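Summary of the model geometry
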Amino acid sequence: VYLCNNGAYETFEYTADMLLSVTQPSILASLIERISISNGDGDPIVCTFTADSAGNVLGTVQSPFVYPMDFTAAENLLTAAENFRLGSRLKTVTDDNRTGYGLDSPQAVVKIAQREGLYSQIDSDGGYHTYTLASGTITLTIGDKDGEFFYFCEFDGTCYRVSSFLITAFLNADANNYITGNPADMGGETMQSVSVQTGGGTLDFYAAYTEQVLPNNELATDESGSVIYDVNVTLNGETIPQDAFDSLVERLGQMTVSGKLDAIREPEGTPRWQMTLTTTQGISRTLAAYSMDAFQDVLAVDGVALQTISKEALEIALGEFAALPEPTETKTE
């Protein structure tokens, strides 16, 4: 009787099914529109994804609440989906073996919806080919743990082993960890208007973009081929420098929350301030701050309050525009 390495034993443990080639699901981050992750009996975590004009990913948590995602969290979730790989093939899932794989009470059920699009691939001979990926939804059902580094996973009616490292993002999914800490950052979208209301008055910024036209009636473009615009910015109807508006948008994007609430809170009373941001693509977001204590406000984004923000945050972001005008008196006859 001799001792041997586990790897030697596992080498001869393969079944005929495990020796069959494995066709990987085609998952492309650039084509993913929606990811749903169900862990246990609670509400599924549902995230949707779009790309802005600069190609940056904009993610939104749609369930269990609606809230803009952190850009890095959105990228990481898409990368985890694209990097998913099936391991060794086991058996076709049946009613008899489903329980043994833990698929009747799965650790997670992941649904990845993709739109139709093109993707490229290099074959075994080094040839470069372009294919069309049809729209559809890929469902991954993650069952029990198999040893120290693997889980059972059902895909398209067959059970596979998958590496635990590849599914950590799904097993540890938490919507609260996805939300943005910079709620006024609209990504690469061009800002068209910013409207701020406080007890001291209103600031309405509006940027009008007009394409530059050459003498031959063609649109003027820069070195990269992008159309050049003339920009006219107004504040409450009065023209202000474009640089001042650009600096404001940059400061707003850097405005950071100070903490998270224990649970979703229903804001009460009148907000200390409210701000609506609108991009040239028509994307709009409203932030409202409700007094919490001497130093913090409860921050609601499109009506959902999950975070707190410093009472000085808006004043710092407004910079030279922080001295708001006095409110206009309304006379009644």
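Look up: the structure comes first, before these words.
Residues numbered from 1 in each chain as written. Predicted model: local features only at pLDDT ≥ 70, side-chain atom pairs only at ≥ 80, totals over all residues. Heavy atoms only, no water.

In terms of regular secondary structure, the chain is built from 5 helices and 20 strands. Overall size of the chain, expressed as C-alpha extent along the three principal axes, is 95 × 60 × 40 Å. Split into buried and exposed, the 333 residues of the chain put 37% on the buried side. For the chain, the proportion of contacts with a sequence separation of at least 24, taken over those separated by at least 6, is 59%. Taken as a whole, the chain presents about 19000 Å² of accessible surface, with 47% of it coming from carbon and sulfur. Mean positive and mean negative side-chain charge positions of the chain (16 and 46 charges, respectively) differ by 8 Å. (Helix = DSSP H or I, 4+ residues; strand = E, 2+ residues; numbered from the N terminus. Buried < 20%, exposed > 50% of the residue type's maximum accessible area, 1.4 Å probe, protein only. Contact = heavy atoms within 4.5 Å. Areas by Shrake-Rupley, 256 points an atom, 1.4 Å probe, with all protein chains shown as cover. Lys, Arg positive; Asp, Glu negative; His and termini not counted. Charge placed at Lys NZ, Arg CZ, Asp CG, Glu CD.)

We now examine the pattern of salt bridges. Taken as a whole and assessed by the stated rule, the structure comprises 5 salt bridges. Ionic pairing is found between Glu154 and Arg98, a salt bridge with its closest N-O pair at 3.2 Å. Taken together, the residues span a long stretch of sequence, with Glu154 in strand β10 (residues 150–155) and Arg98 in the loop between β5 (89–92) and β6 (108–114) at a distance of 56 residues. On the accessibility criterion, Glu154 (13% relative accessible area) is buried. Of the residues examined, Arg98 reaches a relative accessible area of 27% and is grouped as partly exposed. (Salt bridge = Lys/Arg side-chain N within 4 Å of Asp/Glu carboxyl O.)

This brings us to the pairing of strand β19 (residues 296–301). Most of β19 is tucked away, with 5 of its 6 residues classed as buried. Relative to β19, strand β18 (residues 284–291) runs antiparallel, the two being bridged by 5 bridges. Its bridge partner lying in β19, Ser291 is registered against Asp297. Counting the residues between successive antiparallel strands, the hairpin from β18 to β19 contains 4 residues. Here β19 runs beside strand β20 (residues 304–310); their pairing, made up of 6 bridges, is antiparallel. The residue of β20 that forms the bridge with Val298 is Thr308. A loop of 2 residues connects β19 with β20, the two strands running antiparallel in sequence, and Asp302 in this loop sits at a positive phi of about 50°. (Pairing = 2+ DSSP bridges.)

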